[in-house]
Amino acid sequence: MIEAVNASFVQITFLANVVVGLAVAADASAQDQCSVEQRASVIGLKSPHFVYHLDASHGLRAQKWENRLTGHTVSLGNGSEVECDFDAAQQRIWITGWKTEGDQRTTHVFLPLEAKGKELSLTLGGFGMYDYREIDAAINGQPVGVRHALKRWNEPGVFDLGPKSKVYSALRFGQDNILVIHCKDANVRTERMDQLHEHLGLPGPAVWPAQFEQYLTVGTPLATPQFRVKQVQDLSRAEQGELRVELESEDKTVGLVVTYRWNAKEPVLHKFVEVRNQSPTRRRLMNVRLGDYPTDVKVSEGEQGFPVCLANEFFMSVAHPAGWAIGQEQHVTLRQYPGQRLESGTNFTCMEVVLGAAKTGEAHKAFVEYVRSRSRRVLRGHDKPYAIYDTFGANASNGRQKEDWDLNEKYVLEMLDKLGQGQKEAGYKFDLVNTHFWVDHNGDLEKFDPRRFPGGFTNIQAKLDELGIAPGLWIAACWSAWSIGGNPVVRPDFTHDPAYENELYGYQGLCRATDPIRTMFSTAFAHHIRDNGIRLIKCDEFFPICYNPNHPHLPGVYSTEAIDSAVIQTFHDWDAVNPDVFFMLYWGFRSPWWL
């Protein structure tokens, strides 16, 4: 009897252990999968690496973010997941340039008669680097006001010029108005520079480039719709999580679709946003905030084209060189500035947002690893050492050794002879030879300067073939002086009003978002890749900002997104001709999202 009882006890204990074991295994299996957990309006996006908590009761908001790699949680302060601004102005008057003397800038502004008696404002200033700590403005000799920007990140100053302002009586409607501003104390330091006690400032603003907004607005500047959630769809599978949230504005004129995707292998959440114009008329989408999070942890500064790190365990970034990730005082904002017109019934696809979790102290490392996993340089097998000989920097001019821009065919061929001799004697091997300053200033980006390179590329290409070295070409991406600014066909592409100023060292910039220069870059270098065997393109002097109001994009910060996107498309065009071409991106190409 005792043996029978003991046997039963053992059997029961065994079965209980089996059940517990199955439960633990099921629990572990669930932890390794992707899922969506919804309780009323609260939604959890679950991954083996994180849980991202949303609330859909009043629009779409982020509550908190759990890091399963560390066990820590950061509050996201019920911050909005998406907001957008539409143009509500009756008219925008763009300032195309300034006459500059020291810290004083002067320009002319024509105020149309129809602006009289209406709301009127003046917007001046930047957002971060190369913004000015102080800007004071006067119009027609009357003080307008002073804008102080004392933080790392600021908004452009907005000055009231409307009927209730003190300066209104000085305005001349239907006539020329003289606007004078004084810009003082440029912001040329980052937090990291202060931490390292680096005494030097950043390089010239043309290299950054400096974002500076300059325009007048007639009427109410912007309309910001409020949204409610219409539908939530869980489209997840075990290895792939997906949540689709549809929102609609209260007046039903704007629709949003926010899609989240993640997988079980990487600790990254991807967010995609589409904006739909449901109104019967055309509208212009000005600004999109792709996340606005008041947190409870220390955040890094971030930058245009870079991430913000939170508590050094999470990162947030907009996956585009022109996307902004801004961190300040425990607050993170993700932005883009499309300035795009939307016809009735059409959609605008916003930039992708990537949100990553990391081990303790490894947020920056995790971001770099993630960017590498999707960069062209890695995917095309270009993440390896290259031996590149550059023809610029060792050339003689007038009997003196110095850097000189007046390179010529004779010099390049002489250097290639020496290179070949060195390869034979020392046994070294170069992979690529890059030729600088070859372009015909009055040409079409295909032809070499006929005075300095009378044989074009033929003799250089033949010599490189003999040496077994692949050819490369350098080009200034935007600066007209080192490109084809002498060709009248590209004059409409100039970025600045020549009546006031030129962009850099007395020369104009070329707006890469505008034809014909946009298409010429794609077709000309496709020719060089295909017909001249080019396997390296070094892009230099990139200035993605334009103040030309006659271009298809809006000026200022809106032009940067248009220019960057156009250049990305050009890179895709070159890659389609031959994926083995190595892109070397130099001055102005700062963001890791270019790679």
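Residues numbered from 1 in each chain as written. Predicted model: local features only at pLDDT ≥ 70, side-chain atom pairs only at ≥ 80, totals over all residues. Heavy atoms only, no water.

Draft legend 1. Structural context of the nonpolar core. Leu-445, Phe-525 and Trp-574 are the most contacted members of the largest nonpolar core, which has 56 residues in total. Where this core is concerned, the elements lending two or more residues are helix H5 (409–426), helix H6 (458–467), strand S34 (470–476), helix H7 (517–531), strand S35 (536–540) and helix H8 (557–577). Counting residues per element, this core draws most heavily on H7, at 6 residues. With sequence-adjacent residues up to four places away left out, Leu-445 is seen in contact with Trp-438, Val-439, Ile-475, Ser-483, Ile-484, Ile-517, Met-520, Phe-521, Ala-524, Phe-525 and His-528. Core analysis: the second largest hydrophobic core is formed by 52 residues, Cys-34, Ala-56, Val-229 and Val-308 among them. (Core = buried A, V, L, I, M, F, W, Y, C linked by side-chain atoms within 4.5 Å. Buried < 20%, exposed > 50% of the residue type's maximum accessible area, 1.4 Å probe, protein only. Helix = DSSP H or I, 4+ residues; strand = E, 2+ residues; numbered from the N terminus. Contact = heavy atoms within 4.5 Å.)

Draft legend 2. Summary view of the sheet that holds strand S30 (residues 388–390). Taken in spatial order, the 5 strands make up an open sheet running S30-S33-S34-S35-S36, and their pairing is parallel. Both edges of this open sheet fall to S30 and strand S36 (582–585), since each of them pairs with a single strand only. Neighbour-to-neighbour, the strand axes of this sheet turn through a mean angle of 20 degrees, independent of strand direction. Two elements, S30 and strand S33 (residues 432–435), share 3 bridges in a ladder whose sense is parallel. Note on S33: the bridge partner recorded for Ile-388 is Leu-432. Against the sheet, H8 contacts S35 and S36, and its axis sits at roughly 155 degrees relative to S36. (Pairing = 2+ DSSP bridges. Axes fitted to C-alpha atoms, helices over the stretch in contact; angles between N-to-C directions.)

Draft legend 3. Just the pattern of salt bridges, in detail. The tally for this structure, following the rule as stated, stands at 31 salt bridges. The salt bridge involving Asp-575 is made with Arg-376; its shortest N-O contact spans 2.8 Å. You can see Asp-575 sitting in helix H8 and its partner Arg-376 sitting in helix H4 (residues 376–379), a full 199 residues away along the chain. Residue Glu-414 is joined to Lys-410 by a salt bridge in which the shortest nitrogen-to-oxygen separation is 2.6 Å. Linking Glu-414 with Lys-410, this pair stays in helix H5, spanning 4 residues, or about one helical turn. Using a relative accessible area of 36% as the deciding quantity, one classes Glu-414 as partly exposed. Overlapping salt bridges bring together Arg-228, Lys-230, Glu-248 and Lys-252 as one network. (Salt bridge = Lys/Arg side-chain N within 4 Å of Asp/Glu carboxyl O.)

Draft legend 4. Expanded view of the layout of surface pockets. Here the largest pocket is characterised by a volume of approximately 880 Å³. In terms of lining, the largest pocket is formed by 33 residues, of which the most central are Arg-192, Ser-300, Gly-302, Pro-307 and His-364. Broken down by secondary-structure element, the contributors of at least two residues to the lining of the largest pocket are helix H2 (191–195), strand S22 (302–304), strand S23 (308–310), helix H3 (363–374) and H4. For the lining of the largest pocket, the element with the most residues is H3, which contributes 5 residues. Residues of the lining of the largest pocket, tallied by class, amount to 16 nonpolar, 7 polar and 10 charged. (1 Å grid on protein atoms, 1.4 Å probe; cavity = no way out; pocket = protein on both sides within 12 Å on 5 of 7 lines; lining within 4 Å. Points joined across faces, edges and corners; volume = space filled by probe spheres on them. Nonpolar A, V, L, I, M, F, W, Y, C, P; charged D, E, K, R; others polar.)

Draft legend 5. The arrangement of the packing of H5 against H6 in detail. With their axes 10 Å apart at the nearest point, H5 and H6 run at an angle of 5 degrees to one another. Between H5 and H6, the angle is such that the two are roughly parallel. Contact with H5, carried on its side by Glu-409, Val-412, Leu-413, Leu-416, Asp-417, Gly-420 and Gln-423, involves Asn-459, Ile-460, Lys-463, Leu-464 and Leu-467 of H6 and no other residues of that element. Here the residues of the contact of H5 with H6 are counted per class, giving 6 nonpolar, 3 polar and 3 charged. (Parallel < 35°, antiparallel > 145°, perpendicular 65-115°, else oblique.)

Draft legend 6. Structural detail: the confidence of the model for the protein. Predicted confidence across the protein gives a mean pLDDT of 91, with 90% of residues reaching 70 or more. This stretch, residues 1–28, has a pLDDT under 50; its non-local contacts, to residues over four places away or in other chains, come to 0 contacts. (pLDDT = per-residue confidence, 0-100.)

Draft legend 7. Examining the packing of aromatic side chains more closely. Scanning the entire structure with this criterion turns up 35 aromatic pairs. Considering the side-chain rings of Phe-127 and Trp-324, the 5.4 Å spacing of their centres and the 50 degrees angle between planes classify their relative orientation as tilted. Of this pair, Phe-127 sits in the loop between strand S10 (120–125) and strand S11 (132–139) while Trp-324 sits in strand S25 (residues 324–328), and the two are 197 residues apart along the sequence. With 5.5 Å between their ring centres and 90 degrees between their planes, Phe-542 and Trp-594 make a pair best called edge-to-face. With Phe-542 in the loop between S35 and H8 and Trp-594 in the segment after S36, this residue pair connects regions lying 52 residues apart in the sequence. Taken as a pair, Phe-542 and Trp-594 share a single burial class, namely buried. An aromatic cluster of at least three residues, connected via ring pairs, comprises Trp-438, Phe-448, Phe-453, Phe-457, Phe-521, Phe-525, Phe-542, Phe-571, Trp-574, Phe-583, Phe-589 and Trp-594. Above the ring of Tyr-586, the side-chain terminus of Lys-538 is found at 4.5 Å from the ring centroid. (Phe/Tyr/Trp six-rings, centres within 6.5 Å; stacked < 30°, edge-to-face > 60°. Lys NZ or Arg CZ within 6 Å of the ring centre and 35° of its normal.)

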